[in-house]
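If you want the building blocks of each chain, they are given just below.
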Amino acid sequence: MKIRINQICSVLFIAVAVLSCTQQVPKTETASKAGPEFKGDIQLDVRNSKADWNPYIRKKAPEGAPNVLFILYDDTGLATWSPYGGRVNMPTLDKLAADGLTYTQWHTVALCSPTRSTILTGRNHNLNGMGSITEGANGFPGYSSQIPENATTIGHVLQDNGWSTFWIGKNHNVPETDLASGANKKQWPLQMGFDRFYGFIGGETNQYYPDLVEDNRYIEQPYSPEEGYHLSKDLADQAIKMLSDQKSANPSKPWFMWYCPGANHAPHQAPEEYIAKYKGKFDDGYDAYRAWVLPRMIEKGILPKDTKLTEFNPMPEDQANSGDFVRPWESLNADEKKLFSRLCEVFAGFSEYTDAQIGRIIDHLKKTGQYENTVILYAADNGASGEGSPNGSVNENKFFNGFPDALSENMKYIDALGGPDTYEHYPTGWAAAFSTPFKMFKRYSNYSGGTSDPMVITWPKGIKAKGEVRNQYHHAVDIVPTILEICGLEMPKVYRGVEQYPLSGVSMKYSFDATPDAPTQKKVQYYTMLGTRAIWQDGWKAVAVHAPLTGKGNFDKDEWELYHVDIDRAEANNLAKENPEKLEALIKLWHEEADKNFAKPLDDRSALEQANIERPSEEAPRESYTYYPNTSPVPEAVAVSIRGRSYKVIANIEITDANSSGVIFAHGSRFGGHSLFIKDHKLFYVYNFLGIEEQQLVSTVLKPGKYTVGMEFIREKAGEHKESIGTAKLYVNNKEVATRPMRAQVGKFTLVGDGLCVGYDSGDPVSKQYKSPGIFKGGTVFFVTVSVDKAQYLDLEKEAAAKLRD
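Because the structure is a prediction, the values reported are computed rather than measured.

All right, on to the sheet that holds strand β25 (residues 724-732) then. Overall, antiparallel pairing links the 6 strands, which are arranged β18-β28-β19-β24-β25-β26 in an open sheet. In the strand order of this sheet, the two ends are held by β18 (624-627) and β26 (735-744), each with one partner. Going from strand to strand, the sheet's axes swing by 15° on average, the running direction of each strand aside. Strand direction decides the pairing type here: strand β19 (residues 647-655) and strand β24 (residues 705-718), joined by 9 bridges, are antiparallel. Paired with K648 across the two strands is E712, which belongs to β24.

Right under this line is the structure:
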């Protein structure tokens, strides 16, 4: 009887359970908040149930929605490229211009990170926290280098609405402290709305040995320069592969690709056959180039007929930055003319070679039937770069170290320019020439030489006009509104629970069907960069006379100029005295816009000062840093800083093979860095000072066994250019085996890239005595410690030696 009762109870329990499973989930307030409301029919057996997929289906793009390809070069003035009358041939861009529209008054923010942020979010650069390049962050809201959640990206909006999103090439919108492999990746491309990324995170990179990232991880380049590697080619290969993958798997989805080559930013590096195309083409000099290119620009309709040519060196003496001075061509000697011409030939070859690689992408679109409904925007992010100094440079990193270029040093490399052995940049004269007819160049947001850039838009399906110009005044903040209107979308007012800043720009789509001189729909645009500032409103522009990076401050005492740029495109005729009321109204408006966009306080400190600002990091600064072998390169921004101080490098190693060789520790490149390595059975330490000199210490022969090895630099004083002067010592176990005088850089080894490595040397090698990656073989590197404390080397050596015995 007891058994029967138990059986009956079990049957009743199962029946109740089955009955309860046939009921729908109650629509309580708590349930609806916890997840999507389910409207299907749930039975015990899935085969008898009906699912409701609606809550999980992603949005699809509108039928017939276009693809968008935005090609963004670096550092290119309006008078550079062939569609604008320039001497640098751009066959791909020429074809796109003939098939679309060429804009003559499209403007940027005068520097790369800030401009790129505006194209990414559609908000002014200070609202994005990008008041300078990421390396110049100073902690104020408009200069934090942290894009806020109030400024969601075009990537997120398109991704959420059915577009595939790709980012190729340069980023330069990630804070320095977030560059490392283990750092917060919230501001990396994949977290900013992009499905895929392939390129470099920082502001520049070596074209032969790039600092590559794929999606969320650092990678080594796929093959070597000796095997034909160049970044411009690699980026095009990767773009074509991504587009092919997308169309193979998701052919119904439109896509957005932001394609940002390393060109035309330094280092200017290109295959010799492209450089050779320009042999002798710039021998007439940059003064002559300006006189030659202006009438060509007028003839093409880029500039009005009565446009005047402004002069070199327009900044008053009390404001001028000596590093931006242009030396008159006729004042140069024969060697200087030869060098300056060659530097420009390399730049031109670099630009055209990159355009040819982009041509491969355009050809792919045509072959796959995608070209007709792809909106292609082809532009540059700021004016031509004057960072090559008045004398040009074979190593641009000298600029960021405040170290001058010497003609004799540069002439040694004239036949190697454009190859892996140089990190070259042309002189300021070419920057001014490629910015014709305007004053100044990159970094000067007050003058159009820094902000007026090429922009060509092609869309065969959506733009009827072919080969026409458009003279409407526009800015980089207008790109996101334009893309959104083309795609039939709006920027959300609230995104992921965060109220959004309104878009700062206006759509340019109206101009597709407008006449060349139809009025612009833009009303106002403020400018500020590195202490420079200006404001444009309804065809008038007020300009503060102030140079960037001078450290002179006193902004309240700056003179302001006034230009009617609707008539005077070159900003040659200052109307401040004739129209003081207009000027005062514009100055007042600048302050209103600056306050609204977090553009204050202003900062004109030197590049060296800004680069060396101590910034908060997830890791607190310490006096001793330990690194382990075969990890990803540690970016300089978060690695131990030995700049301007004494330091020690100590490593525990074991040599198991008499032929042991390779890198124990390396940081930097042949253009500035230091390395500890084994070669020919000996321990070497090399400090490569700005590519000028490999300062070397060498030990006696090391036999197989366990060793604590290292070096010490004792800083004694500052040199003429603030470089550290002192004594270097090399140690094996507790014995000093070599010593010599040494000088060390006070600035960074590189603007970005070529990070700290243990057991190998990533990318470009520090020393010519080995080839990268120089993997340590025939033994083991256990760890490397770099110390900047005041302890004696031998005390630290004892600690390391004790660990070796553990």
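Let's shift gears to the pairing of strand β16 (residues 540-544). The buried count for β16 comes to 5 of 5 residues, which makes it a mostly enclosed element. Burial along β16 is two-sided: W540, A542 and A544 and K541 and V543, pointing in opposite directions, are all buried. In terms of strand pairing, strand β15 (residues 532-537) meets β16 through 5 bridges, oriented antiparallel. Directly across from A534, in β16, lies its bridge partner V543. Linking β15 back to β16 in an antiparallel pair, the connection comprises 2 residues, with D538 at a positive phi of about 50°.

Membership of the largest hydrophobic core comes to 89 residues, with the highest contact counts inside it found for L69, M257, Y259, Y378 and W430. Examining the composition of this core, we find that 12 residues originate from one element, helix α9 (residues 334-367), more than from any other. Dropping the residues within four chain positions of it, Y259 is found in contact with L69, F70, I71, L72, I168, S232, L235, A236, A239, I358 and I361. Ranked by size, the runner-up nonpolar core spans 50 residues in total, among them L179, W258, M455 and C487.

As a further point, take the packing of aromatic side chains. For the structure shown, the criterion picks out 36 aromatic pairs. Consider the rings of Y289 and W292, whose centres lie 5.5 Å apart with planes at 45°: the pair is tilted. Separated by 3 residues within a single helix, Y289 and W292 lie in helix α8 (residues 286-299), roughly one turn from each other. The class of Y289 is buried, set by a relative accessible area of 0%. Pairing F403 with F689 gives two aromatic rings, centres 5.3 Å apart and planes at 80°, and the pair type is edge-to-face. Note that F403 is positioned in the loop between α10 (397-400) and α11 (407-411) and F689 in strand β22 (residues 682-689), a separation of 286 residues in sequence. Counting every residue linked through ring pairs, the aromatic cluster contains Y278, F282, Y286, Y289, W292, F312, W329, F347, Y426, W430 and F434.

Here we take up the state of the cysteines. Evaluated as defined, the whole model comprises 0 disulfides. The thiol sulfur of C112 is not disulfide-bonded, and the nearest other cysteine sulfur, from C260, lies at 11 Å. Look at C112 and you get buried, because its relative accessible area is 2%.

Further remarks concern the pairing of strand β21 (residues 672-679). Within β21, 7 of the 8 residues are buried, leaving the element largely enclosed by the surrounding structure. The pairing of strand β20 (residues 662-669) with β21 spans 7 bridges and is classified as antiparallel. Bridge pairing in β21 links G662 to I678. As consecutive antiparallel partners, β20 and β21 are separated by 2 residues. Pairing between β21 and β22: 7 bridges, direction antiparallel. Bridge pairing in β22 links F677 to F684. Following β21, the chain reverses through 2 residues before pairing antiparallel with β22; D680 in that reversal takes a positive phi of roughly 55°.

On to the environment of T785, then. Considering the arrangement of structural elements, one finds T785 in strand β28 (residues 779-787). Overall, T785 belongs to the buried group, its relative accessible area being 12%. If we ignore the near neighbours within four places in the chain, the residues touching T785 are S624, Y625, T626, K648, V649 and I650. Within the local environment of T785, its side chain forms a polar contact with the side chain of T626, the two groups lying 3.0 Å apart.

Under the counting rule described, the total for this entry stands at 40 salt bridges. Residue R740 is joined to E693 by a salt bridge in which the shortest nitrogen-to-oxygen separation is 3.5 Å. Taken together, the residues span a long stretch of sequence, with R740 in strand β26 and E693 in strand β23 (residues 693-701) at a distance of 47 residues. Beyond isolated ion pairs, a larger network of salt bridges with shared partners links D75, D324, E387, K442 and R443.

The next thing to look at is the side chain of D178. Summarising the element assignment, D178 is placed in the loop between β3 (164-170) and β4 (196-200). Those residues in contact with D178, other than ones at most four positions away along the chain, are Q146, A183, N184 and W188.

Once that is clear, we can look at the packing of helix α3 (residues 91-98) against α9. Where α3 meets α9, the axes come as close as 7 Å, and the angle between the chain directions of the two elements is 55°. Taken together, the axes of α3 and α9 lie oblique to each other. Contacts between α3 and α9 involve P91, T92 and L93 from the first element and E352, D355, A356, I358, G359 and I362 from the second. Within the contact of α3 with α9, the residues separate by chemical class into 5 nonpolar, 2 polar and 2 charged.

What counts and how
Residues numbered from 1 in each chain as written. Predicted model: local features only at pLDDT ≥ 70, side-chain atom pairs only at ≥ 80, totals over all residues. Heavy atoms only, no water. Pairing = 2+ DSSP bridges. Helix = DSSP H or I, 4+ residues; strand = E, 2+ residues; numbered from the N terminus. Axes fitted to C-alpha atoms, helices over the stretch in contact; angles between N-to-C directions. Buried < 20%, exposed > 50% of the residue type's maximum accessible area, 1.4 Å probe, protein only. Core = buried A, V, L, I, M, F, W, Y, C linked by side-chain atoms within 4.5 Å. Contact = heavy atoms within 4.5 Å. Phe/Tyr/Trp six-rings, centres within 6.5 Å; stacked < 30°, edge-to-face > 60°. Disulfide = S-S within 2.5 Å. Polar contact = N/O pair within 3.5 Å; in protein donor to acceptor, adjacent residues only side chain to side chain. Salt bridge = Lys/Arg side-chain N within 4 Å of Asp/Glu carboxyl O. Parallel < 35°, antiparallel > 145°, perpendicular 65-115°, else oblique. Nonpolar A, V, L, I, M, F, W, Y, C, P; charged D, E, K, R; others polar.

On their own, these measurements won't tell you what the molecule is for.
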